[in-house]
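Understanding the architecture of this molecule
Take a look at the letters that make up each chain.
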Amino acid sequence: HGVQAQEQVCANQFGAQGPRILTMSANAEIPIAPSMFTTRLRSGELSAYARKLTAQLVLWFASLVSFASMADSINTLNSCNGACWYSLVVGIVSFGYMIFLLGMNYVTESSRDKSWFSPRFEAQLMLLLVMWWIPGVGYISSAGTIQSGVGIVFSWIALCAGVYGT
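1. So, the packing of helix 2 (residues 82–110) against helix 3 (residues 119–140)
Taken N-terminus to C-terminus, the directions of helix 2 and helix 3 make an angle of 160°; their axes are 10 Å apart at the nearest point. The orientation of helix 2 with respect to helix 3, classified from their angle, is roughly antiparallel. When you trace helix 2 past helix 3, the crossing you get is left-handed. Residues of the contact of helix 2 with helix 3, tallied by class, amount to 19 nonpolar, 5 polar and 1 charged.

Spelled out as C-alpha cells, the structure:
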C-alpha cells in the first residue's frame, strides 16, 4: 500500500508545555491532559466522596429510625415528660440537618459553583452533628429512658456514622 503506518510514540516531556503525544510525524504534537498518564488500579474500594455520602446516608436513615422509634414508644405509653421529648428532638433535628447536607451535596456537585460549600465546610458541619449526637446518645442509652432497643442501637449507629463521615 505505498503508505507506511508509523508507530505511535508516547513521549512524556515535562517541560513548560506539559505532556504530549507524538504521532505520525515528528511535527504533529497533540496535547493531552496530565491525568492520562496516571495509572490507577481498580481495587474495588469506594472513593472518599462515595464513603462520605454513604456515611451521610447511614446517618440520615439512623436518625429517622431513632426518632421514629421514640415516637412509637411515646405513642405506646401515651405519656411523655420533657426528657423523652429531648430524645425525639435529637433524631428530628439530625434527620432535617442531614436532608440539608445531602441536598447541598447534590446542588454543589451538579453546579459549577463550589465556592461556599467546600469539603472543609461540610466536614465542619458534620462535626457539629457529631457534637449534637454525643449527649443525645448518652441520654438515649441511659437506663431511665423509654426508648426501645432499636432506637438505642440506631442512635449509636448515627453517632458512629457521623464520626466516620467527618
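2. Looking at the pattern of salt bridges
Counted by the stated rule, this structure contains 1 salt bridge. Between glutamate 122 and lysine 52 there is a salt bridge whose closest N-O contact spans 2.7 Å. Taken as a pair, glutamate 122 in helix 3 and lysine 52 in helix 1 (residues 48–77) lie far apart in primary sequence, 70 residues in all. The burial state of glutamate 122 is the same as that of lysine 52; both residues are buried.

What counts, and at which threshold
- Residues numbered from 1 in each chain as written.
- Predicted model: local features only at pLDDT ≥ 70, side-chain atom pairs only at ≥ 80, totals over all residues.
- Heavy atoms only, no water.
- Axes fitted to C-alpha atoms, helices over the stretch in contact; angles between N-to-C directions.
- Helix = DSSP H or I, 4+ residues; strand = E, 2+ residues; numbered from the N terminus.
- Parallel < 35°, antiparallel > 145°, perpendicular 65-115°, else oblique.
- Left-handed = near helix turned anticlockwise from the far one by under 90°.
- Nonpolar A, V, L, I, M, F, W, Y, C, P; charged D, E, K, R; others polar.
- Salt bridge = Lys/Arg side-chain N within 4 Å of Asp/Glu carboxyl O.
- Buried < 20%, exposed > 50% of the residue type's maximum accessible area, 1.4 Å probe, protein only.

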